[in-house]
There are 2 protein chains.
Amino acid sequence: MAGGVKQERAVQTRESLLRAAAEVFDEFGYSGASINRILKRAGLTAGALYFHFDSKEDLARAVMNSQPETIVPWLDSRGLQRLVDLTLNWARRLQVDPLLRAGVRLTNEQTSFGLQDASPYEQWVEIMAECLRDAHERGELQAGVEPGEVAAFVVEACTGMQMFSAVVSGRKDLMERVTRMWRLLLPGIAVPAIVARTELGAERALTPLD
Amino acid sequence: MAGGVKQERAVQTRESLLRAAAEVFDEFGYSGASINRILKRAGLTAGALYFHFDSKEDLARAVMNSQPETIVPWLDSRGLQRLVDLTLNWARRLQVDPLLRAGVRLTNEQTSFGLQDASPYEQWVEIMAECLRDAHERGELQAGVEPGEVAAFVVEACTGMQMFSAVVSGRKDLMERVTRMWRLLLPGIAVPAIVARTELGAERALTPLD
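Residues numbered from 1 in each chain as written. Chains lettered and ligands numbered in written order. Predicted model: local features only at pLDDT ≥ 70, side-chain atom pairs only at ≥ 80, totals over all residues. Heavy atoms only, no water.

**Topic: the domain arrangement of chain A**
Residue and element names in this part refer to chain A. Quick note on the threshold: These domain boundaries are the output of an automatic or database domain assignment. Contacts: residue pairs with any heavy atoms within 4.5 Å of one another. Each of two parts loses accessible area, computed with a 1.4 Å probe, when they are put together; buried area is these two losses added. By convention in these notes, a salt bridge is any Lys or Arg side-chain nitrogen within 4 Å of a carboxyl oxygen on Asp or Glu.
Domain parsing of chain A yields domain 1 (2-61) and domain 2 (68-204). Each partner contributes residues to the interface: domain 1 has 14 residues there, and domain 2 has eleven residues. At the boundary of domain 1 with domain 2, total buried surface from both sides reaches about 1200 Å², with 64% on carbon and sulfur atoms. On the surface where domain 1 and domain 2 come into contact, there are three salt bridges.

**Observations concerning the UniProt feature "domain: HTH tetR-type" (unreviewed entry) in chain A**
Formally: UniProt positions are given in the numbering used here, feature names are shortened, and annotations may be inferred rather than shown by experiment. A run of H or I in DSSP counts as a helix once it spans at least four residues, and a run of E counts as a strand once it spans at least two, with each numbered from the N terminus.
UniProt records the feature "domain: HTH tetR-type" (unreviewed entry) at residues 11-71 of chain A, using the numbering of this structure. Along residues 11-71 of chain A one finds 75% helix and 0% strand; the C-alpha atoms at either end are 19 Å apart.

**Description of the packing of aromatic side chains**
Put simply, the rule reads: Side-chain rings of Phe, Tyr and Trp, where Trp is taken by its six-membered ring, are said to pair if the distance between their centres is within 6.5 Å; with planes under 30 degrees apart they count as stacked, over 60 as edge-to-face, and otherwise as tilted. Residue burial is assigned from relative accessible area. The probe radius is 1.4 Å, only protein chains are included, and a residue is buried under 20% of its type maximum, exposed over 50%, and partly exposed in between.
This model, assessed by the stated rule, comprises seven aromatic pairs over all chains. Measuring from ring centre to ring centre gives 5.9 Å for Phe153(A) and Phe153(B), while their planes differ by 90 degrees; the resulting arrangement is edge-to-face. Of this pair, Phe153(A) sits in helix α8 (residues 147-169) while Phe153(B) sits in helix α8 (residues 147-169), placing the two residues on different chains. Judged on exposure class, the residue Phe153(A) and its partner Phe153(B) are both buried. With a centroid separation of 5.9 Å and 5 degrees between ring planes, the pair formed by Phe25(B) and Tyr30(B) is classed as stacked. Neither Phe25(B) nor Tyr30(B) differs from the other in exposure class; each is buried. One aromatic cluster in this structure is built from Phe25(A), Tyr30(A) and Phe113(A).

**Structural notes on the interface of chain A and chain B**
At the interface, 36 residues of chain A touch 36 residues of chain B. Carbon and sulfur atoms supply 69% of the area that chain A and chain B bury against each other, a total of about 3000 Å² over both sides. Three residues, Glu156(A), Phe164(A) and Val167(A), lead the burial of chain A against chain B; their summed loss comes to 24% of the area buried on that side. Inspection of the region where chain A meets chain B yields eight salt bridges. Across the salt bridge formed by Arg180(A) and Glu149(B), the nearest N and O atoms sit 3.9 Å from each other.

**A short note on the relation of the copies chain A and chain B**
The criterion, for reference: Copies are brought into register by a least-squares superposition over C-alpha atoms of residues with pLDDT of at least 70 in both.
After a rotation of 180 degrees and a shift along the axis of 0.0 Å, chain A superposes on chain B with an RMSD of 0.0 Å. Given the turn and translation reported, the copies of this chain are related as if by a two-fold rotation axis. Comparing interface residues between copies, 100% of those in chain A also sit at the interface in chain B, which points to an isologous, same-surface contact.

**Quick notes on the pattern of salt bridges**
Evaluated as defined, the whole model comprises 40 salt bridges over all chains. Three or more residues are tied together by salt bridges with common partners; here these are Glu149(A), Glu156(A), Asp173(B), Arg177(B), Arg180(B) and Arg183(B).

**Here's the deal with the nonpolar core**
Keep this limit in mind: Here, nonpolar core refers to any group of buried Ala, Val, Leu, Ile, Met, Phe, Trp, Tyr and Cys residues whose side-chain atoms link them within 4.5 Å.
Within the largest apolar cluster, 96 residues are counted, with the highest numbers of intra-cluster contacts made by Trp90(A), Trp182(A), Trp90(B) and Trp182(B). What Trp182(A) contacts, discounting residues up to four positions off in sequence, is Leu83(A), Val84(A), Thr87(A), Val154(A), Pro187(A), Ile189(A) and Leu200(A).

**Let's talk about the state of the cysteines**
Residue and element names in this part refer to chain B. Rules: What counts as a disulfide here is a pair of cysteine sulfur atoms lying within 2.5 Å.
According to the stated counting rule, one finds zero disulfides over all chains in the structure shown. Considering cysteine sulfurs only, Cys 131 is the nearest to Cys 158, which forms no disulfide, with 12 Å between them. What makes Cys 158 buried here is its relative accessible area of 5%.

Take a look at the structure:
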């Protein structure tokens with residue numbers, strides 16, 4: 001009983017640290033984010049931090065790899081619509097969720113602070129490939145379309161579009177860029193009935209905003 | 001006559017500075033690249049540098065915006081094949097050309113050193129849209145395909161795929177990623193005869209390697 005409470009508190013502490021670190025990484029980047037700044041933001045001691053994370057690098061890796069949990073739990077669609085919803089909600093949450101923003105920022109800047117961690121990309125590829133395998137089973141894909149190939153390409157395209165969008169519009173036009181991607185890509189991968197039926201608009205981005 | 005020689009020398013000096021700066025930016029990133037290091041690499045004086053460039057930032061902008069000239073002069077195909085060739089040669093040259101590598105690196109990292117310059121992206125979009133307008137006139141595009149839309153999406157996808165590829169393979173698999181993009185994208189934008197005829201392999205990357 002007491003052990004259960006302790007464990008729950010440890011999970012909450014870890015979550016608080018992750019959120020505080022994300023906010024600081026999002027604002028100041030990797031090099032500008034000091035452990036002290038993160039502790040102050042979290043209202044916790046160094047002891048609490050080093051119980052959960054070995055170093056600033058370890059904390060950065062955890063933030064980088066927490067991206068999917070900011071979106072996936074909110075999705076309830078299936079197949080290709082789920083994949084589309086994933087990208088639309090990602091575009092929306094990138095404007096408001098520090099954990100996702102910091103995850104994306106650190107993943108993109110990682111080589112400049114000496115990291116080479118492909119897992120944030122690979123995680124997304126696997127989640128998207130799962131949607132596409134489901135789409136395949138539901139008869140939504142054209143013959144010969146490989147879930148893993150499409151998934152890797154969508155991750156690449158999303159990575160680049162948020163960078164382009166950040167410079168052009170501070171990511172304000174990101175959702176339209178996601179919609180454009182699907183307008184161009186769906187006709188080459190989905191059967192005609194699904195191309196016609198899949199919804200690509202901003203109204204699919206329904207995750208809570210905070 | 002003497003004026004012509006002087007002008008030619010100035011162009012050469014500017015080119016030497018740009019190449020030296022690119023090498024230093026490519027190796028050390030923006031913050032690690034000092035003016036002194038760049039001058040040493042170029043074998044030139046500060047006077048020569050400040051005649052051509054106002055500051056390190058000005059030099060970085062010039063490198064960022066020099067990407068197309070490392071590829072476009074070598075292309076001789078037309079329409080969609082030209083667009084494909086552009087991306088394949090970009091993938092190859094990114095492995096060997098410091099001017100292109102530094103241009104891409106600085107463009108991607110620019111927000112971390114306080115720049116927000118969309119022109120390197122927009123330049124590529126315009127060059128690609130021109131290929132697509134040519135493709136349209138040659139009857140290579142499906143009805144309703146907008147050159148500017150496709151061009152912007154291809155720039156986004158290429159931006160993201162080189163980042164993903166850098167982390168996974170040090171960009172060794174970049175050419176295959178480019179080929180995959182076209183396998184997925186061409187069926188949705190080109191007429192069937194062009195989908196069948198367009199060459200997507202590494203043998204299209206023919207620009208000189210140094």
